Amino acid sequence: MVKTNAGRFFEDYTIGQVIDHAVPRTVSGGERALYHALYPARHALYSSDAFAQDCGLPASPIDDLAAFHVVFGKTVPDVSLNAVANLGYAEGRWLQPVYPGDTLRASSEVIGLKQNSNGKTGVVYVRTRGLNQRDEVVMEYVRWVMVRKNDTEASAPEVVVPDLASVIAPEDLVIPEGLDFTRYDFTLAGEAHRLGDYEVGEVIGHVDGVTIEEAEHMIATRLWQNTAKVHFDATFRPDGQRLIYGGHVISMARALSFNGLANAQMIVGLNGGAHANPCFSGQTIKAWSEVLDTAETSAPGVGAIRLRLVAVNDGSVGELRGEDGKYLPQVLLDLDYWALIPT
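Here the structure is a predicted model, which is why all the values come from computation and not from measurement. In this convention, every chain numbers its residues from 1, walking through the sequence in written order. Local features in this predicted model are restricted to residues whose pLDDT is 70 or higher, and side-chain atom pairs enter the listing and the counts only when it is 80 or higher, whereas totals over whole chains, interfaces and linings include all residues. To get the side-chain values, all heavy atoms of the structure are used, and hydrogens and water are removed first.

Caption draft 1: Structural view of the pairing of strand β5 (residues 121-131). Relative accessibility decides the category of a residue: with a 1.4 Å probe and only protein chains considered, values under 20% of the type maximum give buried, values over 50% give exposed, and everything between is partly exposed. Strands are runs of DSSP state E lasting at least 2 residues, helices are runs of H or I lasting at least 4, and numbering of each runs from the N terminus. Counting buried residues along β5, ten of its eleven residues qualify, which places the element largely inside the surrounding structure. Two strands pair when backbone bridges link them, and strand β4 (residues 103-115) and β5 are joined in this way by ten bridges, in the antiparallel orientation. Across the sheet, the residue bridging to R105 is L131, located in β5. We call two strands paired when DSSP finds no fewer than two bridges between them. Connecting the antiparallel pair β4 and β5 is a turn made up of five residues, with G119 showing a positive phi of about 70 degrees.

Caption draft 2: Quick peek at helix α1 (residues 29-38). When α1 is considered as a whole, its buried residues turn out to be E31, R32, Y35 and L38. Projected down its long axis, α1 shows its buried positions confined to an angular sector of 135 degrees, all on one face. Each element contacted by the buried residues of α1 is listed here: β2 (25-26), α3 (64-79), α5 (214-223) and α7 (246-256). Capping the start of α1 is the job of one residue whose side-chain oxygen sits 3.0 Å from the backbone nitrogen of G30: S28. The directions from the helix axis to the C-beta atoms form the arc being described. We call two residues in contact when some of their heavy atoms are within 4.5 Å. Here a polar contact means two N or O atoms within 3.5 Å. Within protein one must be a hydrogen donor candidate and the other an acceptor candidate, and residues neighboring in sequence count only if both atoms are side-chain atoms.

Caption draft 3: The arrangement of unusual backbone geometry in detail. The backbone of V207 sits at a positive phi, close to 70 degrees, despite the residue not being glycine. Take V207: it is sitting in strand β7 (residues 203-211). Judged by relative accessible area, which is 62%, V207 ranks as exposed. One non-glycine residue with positive phi stands out, namely Q225, at about 55 degrees.

Caption draft 4: Region of the structure containing α5. Turning to α5, its buried residues number three or more, namely H217, M218, A220, T221 and L223. In this structure, the buried residues of α5 make contact with β2, α1, α6 (229-232) and α7. A positive backbone phi angle near 55 degrees is found at Q225, which sits one or two residues after α5.

Structure below.
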């Protein structure tokens, strides 16, 4: 009897299939410390209990993207162990903060399948939910991933591509209970910019850059338990290079965006995202953001800002696609998200 798990291949998925992922994880201050060690993350709400309490929360939550990585990592052995690449995201919402002591687990439903024309791979769409120890959904998102076929002779499934919203409506964003920015301390936060200081269409170059190191990427993939072969095994790709985990690029770019967006404190919505080109160790990531929209919320002093976050490997600002409509080669990440910011 075979005891080991080779992971699922494209032909192993069916529409409506629900996968409850293994190994719940209790998070602690250790996750916060390691997250801040891996990335230059400095948003005050996720750094200081006192600052978070002045903003109406019981304590400083775990960084929104750290919680995302934990949930995402749970799904990898079942969804993307045999992936060629993670392709995109949509309809992501953070439904409540995650605090030290919470235990996270994940469940995914297959909502789309499309075999590629080469007959060797296919795209799998899943909707993943992260739950805490009280069975409360703390986040949900859709992602799609290109997965290898094990049996290239297996018949192609009926094509089902889900109809996904291009943007989450501001009224559907969930504001953490008690959040109140009327006592917000701009000095401690690091910048004075409020929601009204940003204009739709404004582009912000975040100035700073970080060179990606193989060692840090390997720590990150182990920390988030992302065991996809393309990230761990240098023999898995013909070029002998390990792909840098896309979430590592997301968190690095988000941390770099602090310079210019220090008060965009909490990510509450993920409208869409694409890993436009592969990232490898030795590349230097820089980032720029474009303001796409702004909105009021019902919480005191709290507004929402919709941002496009772009990570590049050449320091260019404002350049995204070529005349052919394809991403330019220097673009590593194109992420569309909502964040909460003082008004």
